[in-house]
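An overview of the molecular structure
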Amino acid sequence: MNGKESMTRYTRNKGLSERTRSALILLLFTSLLAASGLLWRWDLLLYDLQMGLMVRPPADDIIIVAVDEKSLEALGRWPWSRQVHAKLVDRLTQAGAKAIVFDILFAEPDRIDPESDIQLIQSIAASERVFMPVILEEHRQGGMLVESMPLPELSNVAAGLGHVHMDLDADGIARGVFLYEGLGQAYWPHLMISLLNWLAPDEIGMRSAPISMQAPNIHTINRHSHRLIPFNGPAGHYHRYSYSQVLEGDFLSNLFRDKIVLVGVTATGIGDALPTPLSGYGVPMPGVEINANILDSLRRGEVITPVGYLPHLLGSALIVVLPFVLYPYFPTRAAPLVSLALVMLFFLCSWILLRGMEFWFPPSAALLGLMSSYPLWSWRRLDQAVRYLNEQLERMQREQQLLPVEQPPSDMTSAMQFLARLMPLRGWVLYDANSGKQLLQSGEALGLPLDGLVAGNWQRSGAELWTLIERPETHWQLGLIWPRNEVPQGRLLQVANDFARQFTLEPETRQGGVLERVELRMQQMQEANARLQRFRNLISNEVGHMDDGLMVINGLGRVVMSNPRASFYLGHQSDRELLGEDAYRLLNVLEIQGGEQWVAVFKKVLLDKEPVRFEAIRPPNTELFVQLKSLEVVDAEMPGVIVNLSYIGTLKRSERTRAKMLNFLSHDIRSPITSLLSLTQSKQMHMGSTKELAEQIEPLARRSLKLADNFLRLARAEAAETTSFTDTDFVEVAHNAMDEVYIQAKTRQIKLLRHFEEDEIWLQGDLGLLERALVNLLENAVKFSPPQSRIIMTLFVTGSRLVCEIEDEGSGIPQDQLSDIFLPFTQAESNQGSRKEGIGLGLSFVKVVAEKHHGSVTAKNGEKGGAVFTLSLPCEENTP
């Protein structure tokens, strides 16, 4: 069981997992933060930051006519006569403005110039497109809230009225607005909603409540439909023209045509200016430009709705659980990156929700929870690891067999006897360094120990070698005596060092602090784990390098251990592919020789506890000797089966070759000789013509000679040594081979064609073997080619290899025999079913020669019929 599995089991035994506990702790913490609103300043700061990430261009049909410093200088001190405002209304109406919105309240009559009020009323009535504000403010004398409205006459002729109150957050910045508010009841729509209702009543879908001219009796403000405004830019973002400039007509004739004109004060000190998310406290935004932003966002339908209390609480709680779902799927070193990625992803999602979907989700509580997830998770994991480590250390203290066991001095005797078998050791002695007492001694006597001995080093005195061995409570002094001229050096001295090191045990260091004691125990556990790991590596390496396949199957039929050779024999790439797999399915690819089934085999091994041995084949031709033996119950683990797979393909091929050899000797060689004897005996009984006897004996003798020659050639090729190879021109070899079979080909009216791309191709080889191999291929082609056909030899070089192709126009080779034609004593039939005379050693000779020259030979059927033999050999590059 590895450490991770032990930790997992340890956690399960404790009830809830540490991951679940950590997630619940952080969920509760985040929920409290989200519910309490303690992070409101951070929420507002993040809102302003996200709003500033994207600035949009202003709408082209919204223009601000500003009462600025230039206008005050030109028209005089504020407030101006209402005749001035009447002229402005007339000027804008004549210029074709679609609507005129005043952010200036005309609540009291002009006592100095009453005629100016009448003139303004007439201008507004004639324009029929002027909108005026309603302001909720505290009464100067009574301190009560009152509605300050335009003069009744102005209210009656205005195209619409609405409140222009801007809601300020706790930090004093204007971010949102209530779409409806009023005293007693929220019957006043915002001035921009009144304007949009007038411009496009079917599109905006908002209606204002009936306007009452009577002052309400209830002096409390009521409001609803709070929305956040996505400001498009900082102060001065919208198109702005000076009041005096417009009044004088200093503008293009079509500047205001079909435009919405907002008239308000921008001069410092006389108008309302509020800080906004994009302007901050340094450059507050005039109220008229704030109204322009509200108008633009309402018209686009992009007002931002804050997420409700309960959805915000649940969303924040669920978000902080996500890290604890993801952390187990990543390495521990990647957990900080995962946490950082989640923080950035959540911030991106919050921005998309704000700017893309017009919903504001205050992110501070969730962000703080996400940033706290990794420290909390690390702390809980560390605490769990420390508790687990303490328990393991306590268990190791209880189980002494896991700790170093002192080697008693009596064991030194048997160890020294073993060392004496390896080296010419004549005697040895062991002293206790503290008491000076001699503990053990054997063989020839030695002198007293040398002074200044150091552990791990040998000091020589004549034929003696001395060293110091550390023990927990004392030190040993070990002395060895050798023949004077045979004192060990080099590798022999290293063996002596390793011998002494096995008896070395460092004394336990007494630590004072708790931390030091924990570090000591951790070091002890590391040493124990290192010893166990070395033992595992020893077993793994030895099993992994075995020539036999080894596989261990548990009582459930699953593979729990295997080596690479077993996976190779079963047709898999890696032994890891076998672990945990169904052993019956894996072994079922082996065909048991003898007709027995795998079900019966497993029954014998698991139920009857009988060892089973048999031969099996993994198609197409992997021959194995399989042994199965049951495993007994060990340490309460379930019993199982150990499977050993031995490759016997080479042995079986040798057996088959031997059988073919015996058949060859008993039939192919014995038969001609028997015929010769029969003819001789027959002629002795019936005295006939000597010429006739010779004619009958000659083919039999030639056949016997050919059989013997082929057999000897094959044996010579198999015994050839590469050290005897010389520089050989393969082109010359090919010409010689073609010349040798020329007579045979001419007899059958077969043309021999040569397509050589090179004049010389040099390689290291045996000229005789190479020429005989080409002759065999050519004779084979002549044998299977019909009369008046062609045999083509093609020779070319590709890279550092030469390729020689011999193609005939015969009937070809059956597809199922292509892979066997190079085996000894094997002769393939033609595609027409005919078998030519021969014993099957010619092509086997070619294969042996090719492999001796580090090459290969293959056979295939040509596209137009016939067979194509390809011989590929390494050659010298850049052949001249």
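Refer to the structure above for everything that follows.
The following paragraphs examine the structure supplied in this document. Remember, it's a predicted structure, so these values are computed and weren't measured experimentally.

1. Overview of helix H14 (residues 335-355)
Because an α-helix completes one turn every 3.6 residues, residues spaced three or four positions apart along the sequence face the same direction. If you check H14, its first and last C-alpha atoms are 30 Å apart, about what 21 residues at 1.5 Å a residue would give, namely 30 Å. Along H14, the positions that sit buried rather than exposed are Ala 335, Val 338, Ser 339, Leu 342, Val 343, Phe 346, Ser 350, Leu 354 and Arg 355.

2. Some thoughts on the packing of helix H5 (residues 82-94) against helix H6 (residues 114-127)
In contact at an axis separation of 8 Å, H5 and H6 are set at 15° when each is read in the N-to-C sense. Viewed along their axes, H5 and H6 adopt a mutual orientation that is roughly parallel. Seen along the crossing, H5 lies across H6 with a hand that is left-handed. Here Arg 82, Gln 83, His 85, Ala 86, Val 89, Asp 90 and Thr 93 of H5 lie close against H6, whose contacting residues are Ser 116, Asp 117, Gln 119, Leu 120, Ser 123, Ile 124 and Ser 127. For the contact of H5 with H6, the per-class residue count stands at four nonpolar, seven polar and three charged.

3. What to know about the sheet that holds strand S25 (residues 622-631)
Whenever strands of a sheet pair, they do so through backbone hydrogen bonds, lying parallel or antiparallel. Taking strand neighbours across the sheet as the criterion, the six strands line up as S22-S21-S26-S25-S24-S23 in an open arrangement whose pairing is antiparallel. The sheet is open, and its two edges are formed by strand S22 (559-562) and strand S23 (591-592), each paired on a single side. Pairing between S23 and strand S24 (residues 612-618): two bridges, direction antiparallel. Looking across to S24, one finds that Ile 592 is bridged to Ala 616. In the packing of helix H21 (residues 598-607) onto the sheet, the strands contacted are strand S21 (549-554), S23, S24, S25 and strand S26 (640-647), and the crossing angle to S25 comes to about 35°.

4. Considering the sheet that holds strand S28 (residues 751-756)
Here we have five strands laid out as an open sheet, ordered S28-S30-S31-S33-S32, and mixed in their pairing. This sheet does not close on itself; its edge strands, each paired only once, are S28 and strand S32 (856-861). Neighbour-to-neighbour, the strand axes of the sheet open up by a mean angle of 15°, direction not taken into account. Strand direction decides the pairing type here: S28 and strand S30 (residues 790-798), joined by six bridges, are parallel. By the bridge assignment for S30, Phe 756 is matched with Leu 795. Where helix H24 (residues 730-740) meets the sheet, its contacts fall on S28, S30, strand S31 (801-807) and strand S33 (867-874), and the angle it forms with S28 comes to roughly 175°.

5. Overview of the packing of helix H2 (residues 18-36) against helix H12 (residues 309-319)
Between H2 and H12, the least distance of the axes is 8 Å, while the angle of their chain directions is 150°. Classified by the angle their axes make, H2 and H12 are roughly antiparallel. Like other packed secondary-structure pairs, H2 and H12 cross with a definite hand, here right-handed. Note on element contacts: H12 touches H2 through Tyr 309, His 312, Leu 313, Ser 316 and Ala 317, opposite Leu 27, Thr 30, Ser 31, Ala 34 and Ala 35. Grouping the constituent residues of the contact of H2 with H12 by class yields six nonpolar, four polar and no charged.

Each value, and the rule that gives it
Residues numbered from 1 in each chain as written. Predicted model: local features only at pLDDT ≥ 70, side-chain atom pairs only at ≥ 80, totals over all residues. Heavy atoms only, no water. Helix = DSSP H or I, 4+ residues; strand = E, 2+ residues; numbered from the N terminus. Expected span 1.5 Å × (residues − 1). Buried < 20%, exposed > 50% of the residue type's maximum accessible area, 1.4 Å probe, protein only. Axes fitted to C-alpha atoms, helices over the stretch in contact; angles between N-to-C directions. Parallel < 35°, antiparallel > 145°, perpendicular 65-115°, else oblique. Left-handed = near helix turned anticlockwise from the far one by under 90°. Contact = heavy atoms within 4.5 Å. Nonpolar A, V, L, I, M, F, W, Y, C, P; charged D, E, K, R; others polar. Pairing = 2+ DSSP bridges.

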